[in-house]
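Letter by letter, the chains look like this.
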Amino acid sequence: MRHNGRPPIRAGELPPNLVMFTGSLAAIACPSCQTWRVPRRGMLPAHRAADDVTRCPGSGLRVQVDLTAAQWQARLHAAARQAGLRRGSRVHLGARPPVPPPVFRIARAA
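Just so we're clear, the structure is a prediction, and the values are computed from it rather than from any experiment.

### With respect to the pairing of strand β2 (residues 19–22)
Here's step 1: Residues Val 19 and Phe 21 point to one face of β2 and are all buried, whereas Met 20 and Thr 22, pointing to the other face, are not buried.
Here's step 2: Between β2 and the antiparallel strand that follows it, strand β3 (residues 25–29), lie two residues; Gly 23 among them carries a positive phi value of about 70°.

### Things to note about the nonpolar core
Here's step 1: Within the largest apolar cluster, 15 residues are counted, with the highest numbers of intra-cluster contacts made by Val 19, Phe 21, Ile 28 and Leu 44.
Here's step 2: When residues of this core are traced back to their parent elements, those giving at least two are β2 and β3.
Here's step 3: Those residues in contact with Val 19 that lie beyond four places of it in its chain are Ala 11, Leu 14, Ala 27, Trp 36 and Trp 72.

### Some words on the pairing of β3
Here's step 1: Most of β3 is tucked away: four of the five residues are buried.
Here's step 2: Bridging between β3 and strand β4 (residues 36–37) involves two bridges; their strand directions are antiparallel. Paired with Ile 28 across the strands is Arg 37, a residue of β4.
Here's step 3: Following β3, the chain reverses through six residues before pairing antiparallel with β4; Gln 34 in that reversal takes a positive phi of roughly 60°.

Calculation criteria
Residues numbered from 1 in each chain as written. Predicted model: local features only at pLDDT ≥ 70, side-chain atom pairs only at ≥ 80, totals over all residues. Heavy atoms only, no water. Buried < 20%, exposed > 50% of the residue type's maximum accessible area, 1.4 Å probe, protein only. Helix = DSSP H or I, 4+ residues; strand = E, 2+ residues; numbered from the N terminus. Pairing = 2+ DSSP bridges. Core = buried A, V, L, I, M, F, W, Y, C linked by side-chain atoms within 4.5 Å. Contact = heavy atoms within 4.5 Å.

No statement about biological role is implied by the geometric values presented.
As structure tokens, then:
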């Protein structure tokens with residue numbers, strides 16, 4: 001398979017949630033379609049796009065795995081700690097509208 005002409009990507013430059021190590025193998029999420037692929041011979045293997053008809057533009061992308069599993073795991077834990085420190089915005093509820101009286105207590109307008 002030939003490469004797609006794009007510049008190669010390094011696993012160390014990707015966010016840690018787009019790289020995964022299982023044993024000695026590294027799996028990388030395709031930058032175009034976000035599907036997980038195991039690089040073979042330094043490239044992402046050919047795969048289909050989301051429409052299952054056309055070839056994904058990320059097929060044949062050169063990949064350099066320059067991380068070890070321990071380095072990746074340390075980066076992943078650091079990113080998880082940083083995300084845990086972020087706080088969401090507080091929700092400020094306004095006053096509730098008044099509840100109308102039940103129908104049987106409304107006086108007949110005659």
